[in-house]
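Examining the three-dimensional arrangement
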Amino acid sequence: MSATQINYRSLNEENTTVINIHELETSYEVEDTPRNSGVLVHTVPEKNKTRWNHIQDLDSFFTKMYQYHQKHGFSVILVDEIFQLFVFTFVIWLLVFTANCLNHDMLFGNVPPPNNHSRVAINDVIYPVDKCLESFGSMTYLILIISALYFFIRTVKFFFNITQYWDIKKFYNTALNIGDSDLDNITWYEVKKKVREVQAEQNMCIDKDHLTDLDIYHRILRFKNYMVALMNKNLLPARFNIPLFGEVVGLSRGLLFNIDLILFRSPGSPFQNNWQLRDDYNIRGNQVDLAKRLSKLILWVALANLIFSPLIFIWQIIYFSFTYANILKKEPGALGMRTWSNYGRLYLRHFNELDHELDARLNRAYEYADKYLSSFSSPLLAVFARNILFISGGLLVVVLALGIYNEFVFQIEHVVTLITVLSAIGLICRSLIPDDNLIWCPEQLMTAILAHVHYLPSSWKNKSHTTLVQKEFGYFFQFKANYVLYEIFSPLITPFLLLFVFRPKALEIVKFFRSFTVFVRGVGNVCSFAQMDVRKYGNPEWQLDNSVFNNNADDNNENQISCCPNNGKIELSLLRFTLTNPDWQMPSEAINFVNGIRENAIAELSKAKTKDFRLNALTESLISFGTMGDEYSSVARSLLERCNIRENNECFNEKVYDINHAQRQDHFEQMLQQNLGEKSQCNERMRSKSVKALNSSFGRNDMKKLRTSKLEGRLEGPSQSLLHSLYGPESLWEHSPSDLTIADMCLSTLYLHEIHNRKQKSEQPINAATIESTNKPSETVLTSNVGETTPLLTGT
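Residues numbered from 1 in each chain as written. Predicted model: local features only at pLDDT ≥ 70, side-chain atom pairs only at ≥ 80, totals over all residues. Heavy atoms only, no water.

- Under an unreviewed UniProt entry, the name given to the chain is Autophagy-related protein 9, and the organism recorded is Glossina palpalis gambiensis.
- As stated in UniProt under Subcellular location (unreviewed entry), the record for the chain gives "Preautophagosomal structure membrane".
- Among the UniProt annotations of the chain, the heading Sequence similarities (unreviewed entry) holds the following wording: "Belongs to the ATG9 family." (UniProt positions renumbered as here; feature names shortened; annotations may be inferred.)

Next up, the structure:
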């Protein structure tokens, strides 16, 4: 017996661990298989198991392996790929058929029915095949030629992808012993664990004996991590000014596709293959020449976009019309719903975060974000909306009443159109009128949003009620109508963004790749930020102790802050990665950082037990955490009960602090009274009550909301976390559900942001804003289609 196997390109790497790109003086070895050389097939002996040693393009292999898991197996992928080809063919056929094969005069009633018929039949409207072909003009033939060329390319890509996915199917079924029927019932964490075991047995990567979780994430997200870093450094054309319109913020899928093509996948891009930066970037003093070369590449891509923009624009109109036509018919208000924008998804993304992990975070924040933006309304628009709603409603009632009295009214020309327009106007007006019975606290909602999305500007603290913050957050969480319109018109805007916004940043982009690229043995070139090295690239303002950095704190801290990512991107990415990948062996600096956070939290919790109690970063975070919903208040309640903070602190009933502290103290007392209930009589009763609260209120309800394959981290939850540390050795979380990974990351996020805010206040003292007491949000978390696709650009 023998089996066919795709032979991937090998990665020739030097025997070094991590080297800064500035320090590389020698060139890389020549790869033994040329890039884009096609599929090489050979046979290998097999004994109940296919040999998977020396897989050469591990980037493509691991990416396909991840997609195979998330797309539910080979059969689903095959059917989806076939339907993509069918949908494209159907759109082109429908467009040509409608334009050339219909008798439009007969269809619109401009001529009488043939043969003195009272009504026009379908056969009277459709031309015969020969007459239809005769009506084809030069534009029709041009569309057909371009479509045939695109269809041929897509067909070749289809067979290539299916061949690769068939190889991945054999890997899952044979090497990992996972059948397609089991994919929905196994987490990505378990798949990675089995892959590492196969690596230890068969050496898929010949440059390392053992693969780590970070190695696998690096290969799947190599280019995505660069995009996250470019966004964090404000090097992407996400903000620009349009004359007469002002500032526009957004990233269309077409623009992201072109940037990805320019930087990573085109012949002249900085990357010469999937894992290696061009040798020219290792040479000092040539960055101006590299910038000119990159600028020229951007120019050619922009011109190509300008030439094909009319065709892509027409395609976008057709695609989105077909996509939303049936939805708008049944739910006219669908475009009034909100969705996470491409700009928001990239801004809020962690380093080394897969798509399903990002989607889960944003879905959990959806309801809070929707309530936050819905809490803002314009009184002036509300006045206009109420009166226009009254007028349109009156007209609609009259038309409907006349139609009910005599059906002939509905046959009058444009009456149906009038009813549709009046209904749409009423829908829009109702969305502009606020509900006077609902009262939301912007600060509390923004805190809940922050706990899930993890990244929001620190300047928004205590300013969530302002129009400026509402406007800025609206760029992350936009109306679906705005998203659709921006995507439709993006082909006309993208060429100019590439020319006048992205192209002038060519030199900065070259400097970025030179400064923030490292070489990792067994992986290749990766973005240095994705290493999550808190000592070298962390921000001192987001860390407890600056001793992890070099000495001479003043000068070095300024340099550190100038080169590190913003908004605690390294620190929060590291915390999330350790929670979802508990088997990952962290470097010493990461261990010190994570342990430092937990030890500081334990120390602050110990201070909260004393009579000298003052609200600190941890207790502030617990207050915010406990007001996010019932499932989160359960966690906060059980933790506070275990520590007996309420019993041991007489200061809860004292008003000895200043105004801000007193208000916070009252809020703390109110939360304890609402959530803790009666005092525990003994430790056993407290423990039983806490376990019951955790299992019933938090874990089991949320477990039903996601497939197992979409869960973050392992099914058993984290082995070590902030909550583990706060509970102590006899932890209630030993057999906790995976949702406690979410709870721990939410609390860790709030805690780290609170530490950062306090450090900023200590450097520049300002008056602390009071914490507002509000109604708790509903526990039901809405999910949304956080990712939109455009098949013409992405093929998925």
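1. Description of the overall build of the chain
- What the chain contains, in helices and strands, is 31 helices and nine strands.
- Taking all 796 residues of the chain together, the buried fraction comes to 50%.
- Long-range pairs, those at least 24 residues apart, make up 77% of the contacts in the chain between residues at least 6 apart in sequence.
- With an accessible surface of roughly 38600 Å², the chain has 57% of that area assigned to carbon and sulfur atoms. (Helix = DSSP H or I, 4+ residues; strand = E, 2+ residues; numbered from the N terminus. Buried < 20%, exposed > 50% of the residue type's maximum accessible area, 1.4 Å probe, protein only. Contact = heavy atoms within 4.5 Å. Areas by Shrake-Rupley, 256 points an atom, 1.4 Å probe, with all protein chains shown as cover.)

2. Some points on the environment of T708
- Residue placement: T708 occurs in the loop between α28 (683-703) and α29 (722-727).
- Here T708 falls in the partly exposed class, since its relative accessible area comes to 23%.
- Each C-alpha atom of the pair T708 and L183 lies 8.7 Å from the other, and the pair is 525 residues apart in sequence.

3. Looking at the state of the cysteines
- Throughout the structure, instances matching the rule amount to one disulfide.
- Paired by a disulfide, C101 and C132 hold their sulfur atoms 1.6 Å apart. In this pair, C101 is assigned in the loop between α2 (74-100) and α3 (104-107) and C132 in helix α5 (residues 129-134), connecting sequence segments 31 residues apart. No difference in accessibility class separates C101 from C132, as the two residues are buried. (Disulfide = S-S within 2.5 Å.)

4. Let's talk about the nonpolar core
- Counting 150 residues, the largest nonpolar core has M204, W340 and F473 as its most contacted members.
- Of all the elements, helix α30 (residues 739-763) adds the most residues to this core, at ten residues.
- Those residues in contact with M204, other than ones at most four positions away along the chain, are W52, N53, H54, I55, L58, F61, F62, F171, V195, V198, Q199 and L211.
- If you look at the next biggest cluster of nonpolar residues, it comprises 17 residues, including C101, C132, Y150 and V484. (Core = buried A, V, L, I, M, F, W, Y, C linked by side-chain atoms within 4.5 Å.)

5. Description of the pairing of strand β4 (residues 239-242)
- The sheet contact formed by β4 and strand β5 (residues 246-249) spans four bridges and is antiparallel. Residue pairing for β5: I242 is matched across the bridge by G246. (Pairing = 2+ DSSP bridges.)

6. Notes on the pattern of salt bridges
- Applying the stated criterion across every chain, the model contains 21 salt bridges.
- A salt bridge links D260 to R265; its shortest N-O distance comes to 2.5 Å.
- Among the residues examined, R265 registers a relative accessible area of 46% and is labelled partly exposed.
- A salt bridge links R361 to E353; its shortest N-O distance comes to 2.8 Å.
- We classify R361 as buried; its relative accessible area is 1%.
- For E353, a relative accessible area of 0% gives the class buried.
- Where salt bridges share partners, they join K192, R196, D213 and D583 into one cluster. (Salt bridge = Lys/Arg side-chain N within 4 Å of Asp/Glu carboxyl O.)

7. Quick look at unusual backbone geometry
- The phi dihedral of N203 falls on the positive side, at around 55 degrees, and the residue is not glycine.
- Positioned with a positive phi, M532 is a non-glycine residue whose angle comes to about 55 degrees.
- Considering the arrangement of structural elements, one finds M532 in the loop between β9 (524-527) and α21 (553-563).
- Judged by relative accessible area, which is 1%, M532 ranks as buried.

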